[in-house]
Amino acid sequence: MKQLSTSRRKFIQIASLAGASLLIGERWAQAATTDALLLSCMDYRLIDETERYMTGRGLRNKYDHIVIAGAALGAITPKYPGWNNTFWEHLDAAISLHQIHTVMVMDHRDCGAYKLILGAEHAKDLKTEKDTHAVQLQELKSQINKKQPKLKVEMLLMSLEGKVDVIAG
Ligand SMILES: [Zn+2]
């Protein structure tokens, strides 16, 4: 096997170190400009659609993401206080680490967590389902703004086809 000369080996070492720090530098720069925290449900059916939506908003690889079953409802339901704490602690972390200005809360239709916590009746028709999500989204938005008045909160509802309705607040 051919031995690399010392100077050549040194050059490769320096080059790869430079490459590594460039990569770290890029990632750091990207993290520092992150403006949003996304809260979405854990539902496996909508992972791609959620990613696609964020890309469409120009936020690909530019947002923090916390996943809690039921999204808005998971963050505030008295049934799972541990989930609530997890949300608030991650919100604090996103503010400290990345100075986020926006929280995007993405609920979705046919949500198993909503059924688990509120019962299947909440989705007996499309309007009732949307109204139920709007109530929980609005409640979470109020609670966020009580703690962090400067944060913008978006309230979103995704269909199983990945179409997103913005809920007016
Ligand atoms: Zn869900």
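Refer to the structure presented above.
Overview of the structure.

The rules behind each value
Residues numbered from 1 in each chain as written. Predicted model: local features only at pLDDT ≥ 70, side-chain atom pairs only at ≥ 80, totals over all residues. Heavy atoms only, no water. Helix = DSSP H or I, 4+ residues; strand = E, 2+ residues; numbered from the N terminus. Buried < 20%, exposed > 50% of the residue type's maximum accessible area, 1.4 Å probe, protein only. Arc of directions from axis to C-beta. Contact = heavy atoms within 4.5 Å. Pairing = 2+ DSSP bridges. Axes fitted to C-alpha atoms, helices over the stretch in contact; angles between N-to-C directions. Donors = N, O, S within 2.8 Å, 3.2 Å for Na, K, Ca; no water. Expected span 1.5 Å × (residues − 1). Salt bridge = Lys/Arg side-chain N within 4 Å of Asp/Glu carboxyl O. Core = buried A, V, L, I, M, F, W, Y, C linked by side-chain atoms within 4.5 Å.

A few points about the overall build of the protein
Next up, step 1: Counting secondary structure elements, the protein contains six helices and five strands.
Next up, step 2: Written out in order from the N terminus, the α and β elements of the protein read α-β-α-β-α-α-β-α-α-β-β.
Next up, step 3: The buried share among the 169 residues of the protein stands at 38%.

Structural notes on helix H2 (residues 47–56)
Next up, step 1: All of the buried residues along H2 are Glu49, Thr50, Tyr53 and Met54. For H2, the angular spread of buried residues about the axis comes to 135°, placing them on one side. Among the exposed residues of H2, those pointing more than 90 degrees away from its buried face are Ile47, Asp48, Arg52 and Gly56.
Next up, step 2: As for H2, its buried residues are in contact with strand S1 (36–40), strand S2 (63–67), strand S3 (102–108), strand S4 (152–158) and strand S5 (164–166).
Next up, step 3: With its phi angle positive at about 80°, glycine 58 sits one or two positions after the end of H2.

Considerations on the sheet that holds S4
Next up, step 1: Pairing within the open sheet is mixed, and its five strands lie in the order S2-S1-S3-S4-S5. Of all the strands in the sheet, just S2 and S5 have a single pairing partner and so form its edges. Adjacent strand axes in the sheet meet at a mean angle of 25° when their direction is disregarded.
Next up, step 2: Examined bridge by bridge, S3 and S4 share seven bridges and lie parallel to one another. Bridge pairing links valine 103 to valine 153 in S4.

A few points about the coordination of the zinc ion
Next up, step 1: Distances from the zinc ion to its protein donors, Cys41 (SG), His108 (NE2) and Cys111 (SG), fall at 2.1 to 2.3 Å.
Next up, step 2: In primary sequence terms, the donor set of the zinc ion follows C-x66-H-x2-C. With a gap of 70 residues between them, cysteine 41 in the loop between S1 and H2 and cysteine 111 in the loop between S3 and helix H5 (112–118) connect regions that are remote in the sequence. Across the pair, cysteine 111 and cysteine 41 agree in class, each one buried.

Description of helix H6 (residues 126–147)
Next up, step 1: When the terminal C-alpha atoms of H6 are compared, their 32 Å separation across 22 residues agrees well with the 32 Å that a helix rising 1.5 Å per residue should span.
Next up, step 2: The complete set of buried residues in H6 reads Glu129, Thr132, His133, Gln136, Leu137, Leu140, Lys141 and Ile144. All buried residues of H6 lie within an arc of 170° about the axis, which places them on one face of the element. Away from its buried face by more than 90 degrees, H6 exposes Lys127, Val135 and Lys146.

Thoughts on the pattern of salt bridges
Next up, step 1: Summed over the entire model, instances satisfying the criterion amount to 10 salt bridges.
Next up, step 2: In this structure, arginine 45 engages aspartate 110 in a salt bridge whose closest nitrogen and oxygen atoms are separated by 2.9 Å. A residue pair is termed long-range when its members are at least 10 positions apart, and arginine 45 in the loop between S1 and H2 and aspartate 110 in the loop between S3 and H5 qualify at 65 residues.
Next up, step 3: Here arginine 45 falls in the partly exposed class, since its relative accessible area comes to 31%.
Next up, step 4: Measuring nitrogen to oxygen at the nearest pair gives 3.2 Å for the salt bridge that ties arginine 60 to glutamate 51.
Next up, step 5: Overall, arginine 60 belongs to the partly exposed group, its relative accessible area being 48%.
Next up, step 6: If you follow the salt bridges from partner to partner, you end up with Asp43, Arg45, Asp110 and Lys115 in one network.

Concerning the nonpolar core
Next up, step 1: Residues Leu39, Phe87, Leu91, Val105, Leu140 and Ile144 are the most contacted members of the largest nonpolar core, which totals 30 residues.
Next up, step 2: Where this core is concerned, the elements lending two or more residues are S1, helix H3 (72–76), helix H4 (81–98), S3, H5, H6 and S4.
Next up, step 3: Sequence-distant contacts of isoleucine 144, defined by excluding residues within four places in its chain, comprise Phe87, Trp88, Leu91, Val103, Leu151 and Val153.
Next up, step 4: Counting 12 residues, the second largest nonpolar core, distinct from the first, contains Leu46, Tyr63, Leu156 and Met158.

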